[in-house]
Number of protein chains: 2
Amino acid sequence: MKLKRSERIVVMTEYLLNNPNKLIPLTYFVTKFNQAKSSISEDIHIIKTGFKEENIGEVKTLAGVSGGVIFTPTLVEEDARKILDDFIEKISEGDRLLAGGYIFMSDIVGNPSLMNKLGRVIATVYKNKEIDAVVTVATKGIPVAYAIASILNKPVITIRRDNKVTEGTTVAINYVSGSTKKIETMILSKRSLNNHSKVLLVDDFMRGGGVLTGMESLMNEFDVEVIGKVILTQCYDSPREHENDYLYLSKIENIDEYNGSFDVKIGNVIEKLKEVEKEDLTNE
Amino acid sequence: MKLKRSERIVVMTEYLLNNPNKLIPLTYFVTKFNQAKSSISEDIHIIKTGFKEENIGEVKTLAGVSGGVIFTPTLVEEDARKILDDFIEKISEGDRLLAGGYIFMSDIVGNPSLMNKLGRVIATVYKNKEIDAVVTVATKGIPVAYAIASILNKPVITIRRDNKVTEGTTVAINYVSGSTKKIETMILSKRSLNNHSKVLLVDDFMRGGGVLTGMESLMNEFDVEVIGKVILTQCYDSPREHENDYLYLSKIENIDEYNGSFDVKIGNVIEKLKEVEKEDLTNE
C-alpha cells in the first residue's frame, strides 16, 4: 500500500526521532517512499516547522552529494524548567534522608522517562560541542549517561569499581574519596577509549568531589580531552562548588539529620542553557 | 502561530513516540491545539495508519470518560531479524575472546542505539504481559533494562554487588557463581520493590546460570512474581539451556581459545516473537 502524504510524514517523523544527530541522506526517503526529491524536501520542511514551533529540536538540511537531513533534539529554557521542577519535587518528596546525610535516590534514577528528559536537558547544553563518548562510573550515573548518549548518537563508556575478567586488559587508578577519605579504585578496560577522544563525564552525585577527580585522572591516563562534566545532584558541602566548571542539575542544602529535612534547588543548569542560547544567537 | 494540520500531526507523532504505553486523554490534544475532538481523532487515525503500515507499533484509542490514545512500540519478525543480525555481526567482529573463554562485550553494551533496538525486540515479546518493574543486576544489564523499561513505561530496579550507604536498609542474598563456583552476594534496597509486584529479570550474559538463580532467590525474598527472564548473550555450556523458560537474544558456541574463534547465533527470540504473534491472532 502506498502511504498518503500525511502518513508518510508520520513515518518520516518517527525515523528522525529515532535517529537523532545522524545524517540521513534524502535518497533514503526518496527510495523508501518512491517519491521525488522535491516532495521529500517539502515533507521535511513541514516536520521542521512542527518541531520548531513546539521546541522539539532542530532539523537541518545539508545540500550537496554528502547532504541529507539531521535532527538534533533540544529544548527551551521553559521546558527545561518544567523537567527540573519535577526532578526537584521528586527529590523533595518522601523520606529520603539516610544515615550520614546521604539521600536515597535509587527510585528517581530508576525512572527511565525522567532520566530521558534530564538527558535531553544535558544534551542541549552540549549540543554545539564535539563529543566522541559519554563516560560514566558504575552504577547510578549509567542511566542518564545512556539518555545523553542516545541523543548525541555516541557510545557510553562505563568505569567500574571492581576488576572483571570480561573487561580484558584494564587501567586502574586509586583515588581518595572526598567524603569518606577512604582509598577507592576505578578501572577501565584499556580498549574502551581511543587516545585524543573528546569525552563528557557524567555521575549522579557529588559530595566530596573525589569521584569526579578520580574520573579526570583516569581520563588523563587515556590521554583524552574532557569537554564537560555533569552531576545530577550536588551536595551542599562540595569543595569543588566554586569552580563552576561543571554542570549540576540540582543541589541539596541544609541537611538536618535530626529532623530528617533538607532543601533542594535547581543547579547551575539554567545559566548554562542561557549561555548556549546566546552562542546560538551569535552564530546565526 | 497556529499549526497547519500536517504540522500538528508531526507534533502529535512526537508526543506519542516519547510517551509509549501511556494513556493520553484526547482532551490533552484538544486543548493543546484548540481543535475539535473529531479533528484530533482523524489525526490519530492518520498516525495509526502510518505506524501500522511501517510496523512502528500499535495505536489504540479507548472510548469513554477515562478514554484516550495509547501507543505501544512493537516490531515484526523481519525487523527483529535485522536488529539481531546486526547484534550477532557486532559480536562476531574483532578480537573479543578473552582468557577463560569470556567474550569482550563492553563496546556492544555501550552502543545506546543498539541497546534501544534490542530493548524494542524484548518489549515486543512481553507486550501482552502485565509488568510492574524491570529488575537488573549491575553493571552490564543496566542499559538494555532501561531500554525495555522506557518502552514499557515502568521503573528499573538495579541489584548491586556491593552494599552502599546510599541504598538505605538492604536485603542481601548469597549465591554460588555457576562458572567460577565462588560465593557471591547480591544486594537490593528494601524499599525498592513492593510485595506482589510482577517483574521482568534482565541480565547481559549467562554462563553457569548462577546470577539468574541468585536474582530469582532475591525476588523470592521480596515476595514478587517473576513474569519473564531475559539474557542478551548465552554462553554455550549453560546448564539452564534446556529449561527454555527464559528469553535469550544470542548464543555463543564452539569457543576455541587456541585459535581465538567462536560462533554466534540468534537465540530463542524469534520463536518467542512468533508465539506473541499467534497470541495476537487468537485475541483478535
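It should be emphasised that the depicted structure is a prediction, and the values quoted were computed from it without experimental measurement.

Details of the overall build of chain A
Secondary structure assignment for chain A yields nine helices and ten strands. With respect to the principal axes defined by its C-alpha atoms, chain A has extents near 65 × 45 × 40 Å. A total of 284 residues make up chain A; the buried ones form 53% of that total. The contacts of chain A with a sequence gap of at least 6 include a subset with a gap of at least 24, amounting to 61%. Carbon and sulfur atoms form 47% of the exposed surface of chain A, whose accessible area is close to 12600 Å². One finds the centroid of the 36 positive side-chain charges in chain A at a distance of 6 Å from the centroid of its 41 negative side-chain charges.

Looking at the relation of the copies chain B and chain A
The operation relating the two chain copies consists of a rotation about an axis and a shift along that axis. Taken as rigid bodies, chain B and chain A are interconverted by a rotation of 180° and an axial shift of 0.0 Å, the fit giving an RMSD of 0.0 Å. Within this description, the copies of the chain are treated as partners about a two-fold rotation axis. Looking at the interface residues of chain B, 100% of them are also at the interface in chain A, so both copies use one shared face.

Concerning the packing of aromatic side chains
Applying the stated criterion to the full structure yields twelve aromatic pairs over all chains. Summarising the aromatic geometry, the rings of Tyr15(A) and Tyr28(A) are spaced 4.6 Å apart at their centres and angled 25° between planes, so their arrangement reads as stacked. Remark: Tyr28(A) occurs in helix H2 (residues 26–33) and Tyr15(A) occurs in helix H1 (residues 5–18); sequence separation between them is 13 residues. Residue classification places Tyr28(A) among the partly exposed residues on the basis of a relative accessible area of 31%. Taken together, a centroid distance of 6.3 Å and an interplanar angle of 10° make the contact between Phe29(B) and Phe33(B) stacked. Here Phe29(B) and its partner Phe33(B) are both found in helix H2 (residues 26–33), four residues apart, which amounts to about one turn of the helix. Both residues of the pair, Phe29(B) and Phe33(B), count as buried.

Brief notes about the side chain of Thr13(B)
Along the chain, Thr13(B) turns up in helix H1 (residues 5–18). Other than its neighbours up to four places away in sequence, Thr13(B) contacts Val10(A), Thr13(A), Ile47(B) and Phe51(B).

Side note on the pairing of strand S1 (residues 57–62) of chain A
Residues and elements named next belong to chain A. Examined bridge by bridge, S1 and strand S2 (residues 68–73) share six bridges and lie antiparallel to one another. Bridging across to S2, Glu-58 finds its partner in Thr-72. The hairpin formed by S1 and S2 contains five residues between the paired strands, and Gly-64 there has a positive phi angle of roughly 100°.

Brief notes about the UniProt feature "domain: Bacterial purine repressor N-terminal" (unreviewed entry) in chain A
Following the UniProt record, one finds the feature "domain: Bacterial purine repressor N-terminal" (unreviewed entry) at residues 4–73 of chain A. From the first C-alpha to the last, residues 4–73 of chain A spans 26 Å; its make-up is 56% helix and 17% strand.

Considering the interface of chain B and chain A
Many structure descriptions define interface size as the accessible area lost when the parts assemble. Facing the 54 residues of chain B at the interface are 54 residues of chain A. For the pairing of chain B and chain A, the buried interface totals around 4400 Å² over both sides, and the portion due to carbon and sulfur atoms is 63%. Among the residues chain B hides against chain A, the three largest losses belong to Val10(B), Tyr146(B) and Arg191(B). Together they make up 13% of the total. Scanning the region where chain B abuts chain A turns up six salt bridges. There are 16 residue pairs in polar contact (both at pLDDT 80 or more) connecting chain B and chain A. For the side of chain B that touches chain A, the secondary structure elements donating two or more residues are H1, helix H3 (37–53), helix H5 (106–109), helix H6 (112–125), helix H7 (142–152) and strand S4 (156–159) of chain B. Counting residues per element, the side of chain B that touches chain A draws most heavily on H1(B), which supplies nine residues. Across the side of chain B that touches chain A, the residue classes break down as 25 nonpolar, 14 polar and 15 charged.

Concerning helix H9 (residues 269–283) of chain B
All names here are of chain B. The end-to-end C-alpha distance of H9 is 21 Å, a good match for the 21 Å that 15 residues give at a rise of 1.5 Å each. Along H9, the residues classified as buried are Val-269, Ile-270, Lys-272, Leu-273 and Val-276. Taken around the axis of H9, the buried residues stretch over an arc of 160°, which confines them to a single face. Turned more than 90 degrees away from the buried face of H9, the exposed residues are Lys-278, Leu-281 and Thr-282. Where the residues of H9 are buried, they touch helix H4 (77–92), H6, strand S9 (247–256) and strand S10 (261–266).

So, how was this worked out
Residues numbered from 1 in each chain as written. Chains lettered and ligands numbered in written order. Predicted model: local features only at pLDDT ≥ 70, side-chain atom pairs only at ≥ 80, totals over all residues. Heavy atoms only, no water. Helix = DSSP H or I, 4+ residues; strand = E, 2+ residues; numbered from the N terminus. Buried < 20%, exposed > 50% of the residue type's maximum accessible area, 1.4 Å probe, protein only. Contact = heavy atoms within 4.5 Å. Areas by Shrake-Rupley, 256 points an atom, 1.4 Å probe, with all protein chains shown as cover. Lys, Arg positive; Asp, Glu negative; His and termini not counted. Charge placed at Lys NZ, Arg CZ, Asp CG, Glu CD. Least-squares fit on C-alpha atoms with pLDDT ≥ 70 in both. Phe/Tyr/Trp six-rings, centres within 6.5 Å; stacked < 30°, edge-to-face > 60°. Pairing = 2+ DSSP bridges. UniProt positions renumbered as here; feature names shortened; annotations may be inferred. Buried area = accessible area lost by both parts, 1.4 Å probe. Salt bridge = Lys/Arg side-chain N within 4 Å of Asp/Glu carboxyl O. Polar contact = N/O pair within 3.5 Å; in protein donor to acceptor, adjacent residues only side chain to side chain. Nonpolar A, V, L, I, M, F, W, Y, C, P; charged D, E, K, R; others polar. Expected span 1.5 Å × (residues − 1). Arc of directions from axis to C-beta.

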